[in-house]
Structure formats: structure tokens, C-alpha cells
Amino acid sequence: MIETMKQLALWILANECESSSGDANAWYTGMRESNADQLLKWLVEAPDNAERFYTLSASESDESVAVLKTHELTPQHSARLPFCQPTGSQSAALGPIVKRTFASKKSGPSKKIQDTTLQAFSTIGSSDETWAEYFHDAHECFSRPTLYNAITDKTYETKHGAFNKSIEVIDEKRTVLLCYETADGMLPGDVPAYQNYLMHVLAETKYTTGRASEVSGQSCSLCGEVGTVLPNGIKGAGINFANVDREGAFPSMDIDECWKHYSLCGACADLLYIFAFHFSDQFLASIAGEKCLVLPSLVGDPNEVQKFINKFKAWIANVNQGQVKSRENELLNLLAESNSVTQLILLWADFGQRIDNVRGVVSDVLPSRLRELEVHNRELSKSKSPAFPEHPVDAARFDLSLGFLDALLKRPGGRKAKRENESKRLFDLKRSLVAAIYRKEKINATRFNEEWMKTARWYFMQLIEDRNWGYLHREGVNKKGEPYLTFAGWIRHLAMLFNYLRKTGVLPMHGEIYQPQSERLKPYFTNETAIDTNAKAYAFMLGVLYGKVMQVQGARGVNVGANALTWLKRLTLRGSDLPDLYIKVREKLLAYETERNADVREIISELGELGARTKSLADLDETDACYFLLLGQSLAGKVLPTKKAETKSEATVA
């Protein structure tokens, strides 16, 4: 995975720098040795989106005065303003280019950090390094006792120096850059001595710590080159897989041994830094509803790889212009179709200032499998079954990003369900489902059943709370024609998901489908619903009749939540409980005179004959019993549509 990040950075960097060399590694080595200034802009932060930046320069006419000016910030300033974030919140600035932050009471950096910064400049300016003179001049300018604000034409005498006063008088309600400008108008990035300083100090600052310093004469864990290695290389590059200066993270719990954990040379660490801070966001996608880094392994002819990089950059440009509707699906399609991509690695983590808190990894995802899934997606999106939703929600559509897993396993209830929906247990299941689907492996059916049953119970409890009994057998569509998930709609979507998992080879295929005699029932007994045993068929038909009872009770104004809905025992029924449920359903159908309906009698007759032929329902576990029962009740309105006359008659039954 780390190797893949490094190689991606190398290929994209070579493309960005318009390298004509067929050997990207040789080109990169040569640039570090001879043209390090070209690499520098990738190792520092680019200027933000402010419209201006500010400079302090020494007055040529008065040795006590520093001059504050403002300048328009243009794209051309990117290389001229190489800002480097200091390692700690209270650390000195790394160079004479700082971020002036805005606060309503007092802007930053604080007086303490200002003093620390000036002291650091003074120390460097007194050294024998090639950049000492530059830092000496910057320190002298920043410390001058008088500030002339050329923007407002005001002069200030200050005991804390021009640097301090500049931070105070800059009239910007946002973060802006303030830097030193030489007498001949050179900004920090224009000064060769400062460029050399940054190349020297950045590695030491980012890739080592006070407790984990560089070690000479050792092999880089990534490229194998022998030389100086940096123990904090991965974390310093913005990829926090482990804290190397923490006891217990390395052999013998000895800080001096931490370099053995996973140390990198400067060249590899820089490539990882470039990937993390410049390119990683281009490979971010939402997989199964969770933000994920999708890493393609690129091999093959360098020209072909560069063609892919060009195509990828063009796609990114379209994304940035809002021309791609489904970013995740388009990204995965692009990677799946490239001959240069051998496999994909998926990494779930927190993506902010660095790649942090890694939660899951799936490797060895083959592009050929993604192409196969895309064919399945097109076919299954067209599949028709009366058991499937008539109004499928957009979030549950079949696509390569597998967002439907998140949509259908998500517990309803808003803030109440937030903790459940963000639980590690649910995430781990979604990650395992992604791995199984992408690699065509059998899923852990027990864990999957456990989680979707939890979701079903949340829908069940939400239904009782909302008392909207129509949601038991009706899909949801708002006034704008936009579908949303009701209890019935969710169950029908679940049936569609089970069919998807079977078709894509991650759930076992069904057995021989039960064939009912009733013409009314036959459309629902197909390969899509997988009702392949007498017991499952019994649960489904009973569910239809049970749904009819709840329809009638709803029409009569009965509190379904305190009546028929309690028979489900909060979705803990097993096959052995179905005969008792059958008795209760028949009693209500008789009481409401619903059995006068010929269609209802047809289902009752079919169910009675099936019950007589079924040896045992006890083999039907809680998952199957509840699923097929719920599927039947969700379709009751379609299998047994209620006529207006019947509704009126049923509603007036005493």
C-alpha cells in the first residue's frame, strides 16, 4: 500500500513536471540532485485563496524602519511563497514567511511564538550555514523599532518590533501570509540560499522527532537504498499509521530502536508527502457510504501509464467543473478500464490534515471484477419483479461504489440512531461486504443477517413511534415525486439486495423455487425472491394474510401498534411460532368478515394445503421466518389490493 502511494506520486509528479524520461525513478533522482528547487514547491504549502499577501522589508533610507506593503496574490506566487507549517502549535516559524491568523480580540501568531521565531532566526543567522546571512537580514528587519505602513501611510514606534506591530495592524479578517522581502524585491522562494535551507530542514523537521532522530548507514524500508533513514517518515509525510516515538511501537521498547519499525529515506518520504498533500484527494471516493482512498497499482509500459495519468487528470478536471454526476462510480470505472491498473487497494481512514485513524483495508481488488460487477449492475437495474420496489430510492441504486449497502443497513431515526449508524461493528460489516463483493468471496451470512435484522427492528420501532400504519404496505413518495424509504419499501429493497448478492456470487444460490397453485401468487415465486422451501413459502403467504389484517385494522382506525403488530414479538418470531400467528390472523379475518373476499379465500386455501404438506416449520430460523413474513406483509396491498367498497365494508364491521 505504501509502495503504491509512492509510485502514484512518482508517476503523477513526472507528468506534472512534463518529464520526457521513460524512467521516472531516474528522473526523480536527477531532479533531487540537480534541480531541487523544482521539487520544493511540492513539499511546502501552497498559498491559500486570499486575494493579497503582505511583506516586511528594510527601509533603505532609515535603518530603524521596516516597511509593510500589500501585494496581489496571483498563481505565479505559488513557488515564491513556500510556507512550511512548524511541527508544534507553539513552535517557531521555520522561515521568514508566516501565517497571520485573524481573531476578534487578538490576531496570531502569539507574542510568545513571535519571540521564539525571532530567537530562532537569530540563532540561524549566527551559524556558519550558507543561509545564515539571509536569516540575519530577516531578523534585523523584523526587529526594527519603527514600522511604516505603506498601505495606510502611517508610522508606528513599537518596543516589540516591526514584526509584532505588522501582525497587529494588518486589516484582514482571515488568515494571510506575511513574509520578508529583500532590498531587491526577492520573496523567500526567489532566494537560492533559502531554497537550500528548506530542502535541508524540511526532512529533519517533518520526518524525525526529538526522540526519534535520523540514523545513518541503514536501508530504507521502502526502496532498500542504504543511507540515512528517517524514523518518522510515514507520519511526517501525512500518513499516520503508527507513532514511532511511542514506547511499545518498536523492538525492546527502546527509543533508540524505533528506526527499525519502518524508516524511510528522504526521497521516499518526500514522495509520500507529495501524494498525501497534493494527490490523495483525487483518489478519494465514498465506498459503501464511507470515505475511502482508492489506490490503483500502476505497472506496464511507461507510455501507457502516462496515457492513463493524462486521462485521469482530464477526468479530475471534469469533476472540478461539476461535469461528472457520480464521482465514485466514474472513478472506479476509469480505474477498471485501464490496462495499466493491475489491482486496487481500498483504505478507510480519516482524511484531513493527514491520513489518520486507519479503520480498514481491502487489497487485491481486480479491475476485471469491477468490469464484471458493472455488467451485473446494468442487468440487475433492469430486472423486474413485483416483489421489488416500484419506486426505488436513488441511494439504493446498484453501482460500483456499493452505496446501497450503507443506504439499506442504515438505521432510521435521525439523531437517535446516530451512534448505531457510526458504530465500528456496522462499519466492519460493510467493509467485509465490500471485500466479498469486490473479490467475489462468500460473505459471512450470520453477521450480515444480524445487522440487517437490527435495521429491521429500528424500522419496526420507528413505525410504532410514528403510528403511520400505511408504511407497512406502502412505499414512500413525496409531493415532488421523490421516493423515500418506508418499512414496506425498505423490505422490498432488501429483497432486491439479496438478489444482487446471489447474482454477484457472494451469497449461495437458491434451491428449487416453490410453485404455488394460485395465479395471484405465482408472480412472487421466482428466482428473484428465492422462496425455495415449503417453510419459506408458508411464511410468505402468512405474511400476505397478516398484512391484510393490518390493512383492515388501519382502515377501521384500530391502534395497529397495540394490536396486530404486537404479534410479531418485536421481530423475534421463529418458524415454530408461525402456527400460533396463523390462528390469530384467521381469527381476525373471520371477525372482520374479510374472508368473504374471494381473493383472500384463495390465499387461505393455498396456505392451508401447504401447511398440511409441510412436515415442520421449526427448521425456519428467526432470520428467514421474519424476512419472508415481512416480505409477504409488505406486498399484501399488491397481492390483495383493497377495493373501495371492501374498504368501506371492512371499516364498518363491529
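Residues numbered from 1 in each chain as written. Predicted model: local features only at pLDDT ≥ 70, side-chain atom pairs only at ≥ 80, totals over all residues. Heavy atoms only, no water.

**A look at the overall build of the protein chain**
- The helix and strand tally for the protein chain stands at 24 helices and 14 strands.
- The C-alpha atoms of the protein chain give 34 Å as radius of gyration, which overshoots the globular expectation for 654 residues (26 Å, by more than 25%).
- With respect to the principal axes defined by its C-alpha atoms, the protein chain has extents near 105 × 55 × 50 Å.
- Residues classed as buried in the protein chain amount to 52% of the 654 residues present.
- For the protein chain, the share of sequence-separated contacts (at least 6 apart) that also reach a separation of at least 24 residues comes to 69%.
- When the accessible surface of the protein chain is totalled, it reaches about 29800 Å², and 47% of it is carbon and sulfur. (Helix = DSSP H or I, 4+ residues; strand = E, 2+ residues; numbered from the N terminus. Rg over C-alpha atoms; globule rule 2.2 N^0.38 Å. Buried < 20%, exposed > 50% of the residue type's maximum accessible area, 1.4 Å probe, protein only. Contact = heavy atoms within 4.5 Å. Areas by Shrake-Rupley, 256 points an atom, 1.4 Å probe, with all protein chains shown as cover.)

**Observations regarding the packing of helix H13 (residues 367–382) against helix H16 (residues 424–439)**
- Close contact between H13 and H16 brings their axes to 8 Å; oriented N to C, the two are set at 90°. Accordingly, the angle class assigned to the pair H13 and H16 is roughly perpendicular. In this structure, H13 contributes Arg 369, Leu 370 and Leu 373 to the contact, and H16 contributes Ile 437, Tyr 438 and Arg 439.
- Classifying every residue of the contact of H13 with H16 gives four nonpolar, no polar and two charged. (Axes fitted to C-alpha atoms, helices over the stretch in contact; angles between N-to-C directions. Parallel < 35°, antiparallel > 145°, perpendicular 65-115°, else oblique. Nonpolar A, V, L, I, M, F, W, Y, C, P; charged D, E, K, R; others polar.)

**Digging into the pattern of salt bridges**
- Scanning all chains against the criterion turns up 35 salt bridges.
- For Arg 52, the salt bridge goes to Glu 172, with nearest N and O atoms at 2.5 Å. Note that Arg 52 is positioned in strand E1 (residues 52–58) and Glu 172 in the loop between helix H6 (162–169) and strand E6 (176–180), a separation of 120 residues in sequence.
- Using a relative accessible area of 32% as the deciding quantity, one classes Arg 52 as partly exposed.
- Its relative accessible area of 9% is what places Glu 172 among the buried residues.
- Beyond isolated ion pairs, a larger network of salt bridges with shared partners links Arg 411, Glu 420, Arg 425, Arg 447, Glu 450, Glu 451 and Lys 454. (Salt bridge = Lys/Arg side-chain N within 4 Å of Asp/Glu carboxyl O.)

**Considering the nonpolar core**
- Tyr 438, Phe 448, Trp 452, Phe 525 and Leu 565 are the most contacted members of the largest nonpolar core, which has 204 residues in total.
- The leading source of residues in this core is helix H19 (residues 534–556), at 13 residues.
- Contacts of Phe 448, omitting those with residues within four sequence positions, involve Leu 409, Leu 429, Leu 433, Ile 443, Leu 497, Phe 498 and Leu 501. (Core = buried A, V, L, I, M, F, W, Y, C linked by side-chain atoms within 4.5 Å.)

**Description of the side chain of Arg 492**
- Structurally, Arg 492 can be placed in helix H18 (residues 487–503).
- The exposure class assigned to Arg 492 is buried, which follows from its relative accessible area of 3%.
- Setting aside anything within four residues of it in sequence, one finds Arg 492 in contact with Ala 387, Phe 388, Pro 389, His 473, Glu 475, Ser 634, Leu 635 and Lys 638.

**Overview of the sheet that holds strand E12 (residues 355–365)**
- The antiparallel open sheet is built from four strands, whose spatial order is E9-E10-E11-E12. What marks the edges here is a single partner per strand, and that holds for strand E9 (284–287) and E12. Between one strand axis and the next, the sheet turns by 35° as a mean value, whatever way the strands run.
- In the sheet, E9 pairs with strand E10 (residues 290–298) via four bridges, with the strands oriented antiparallel. Considered in E10, the bridge of Ser 286 is made with Lys 291.
- Of the strands in this sheet, E10 and strand E11 (341–351) are in contact with helix H1 (residues 2–16), which crosses E10 at around 70°.
- Sheet strands in contact with H16 are E9, E10, E11 and E12, and its direction is about 25° off that of E12. (Pairing = 2+ DSSP bridges.)

**A closer look at the packing of helix H4 (residues 111–125) against helix H5 (residues 132–142)**
- Between H4 and H5, the shortest axis-to-axis distance is 7 Å and the interhelical angle comes to 145°. The element H4 and its partner H5 pack so that their crossing is left-handed. Here H4 contributes Leu 118, Phe 121, Ser 122, Ile 124 and Gly 125 to the contact with H5, which in turn contributes Ala 132, Phe 135, His 136, His 139 and Phe 142.
- Looking at the contact of H4 with H5, its residues break down into six nonpolar, four polar and no charged. (Left-handed = near helix turned anticlockwise from the far one by under 90°.)

**Some thoughts on the sheet that holds E1**
- In space, the six strands of this open sheet follow the order E3-E6-E1-E2-E4-E5, with mixed pairing throughout. Of all strands in the sheet, those bounded by a partner on one side alone are strand E3 (97–100) and strand E5 (154–157). Going from strand to strand, the sheet's axes swing by 25° on average, the running direction of each strand aside.
- As judged from the four bridges shared by strand E2 (residues 65–72) and strand E4 (residues 146–149), these two strands associate in the parallel manner. Directly across from Val 67, in E4, lies its bridge partner Tyr 148.
- Each of E1, E2 and E6 touches H5; the most contacted strand, E6, lies at about 115° to it.
- In the packing of H6 onto the sheet, contacts are made with E1, E2, E3, E4, E5 and E6, and the angle to E4 comes to roughly 35°.

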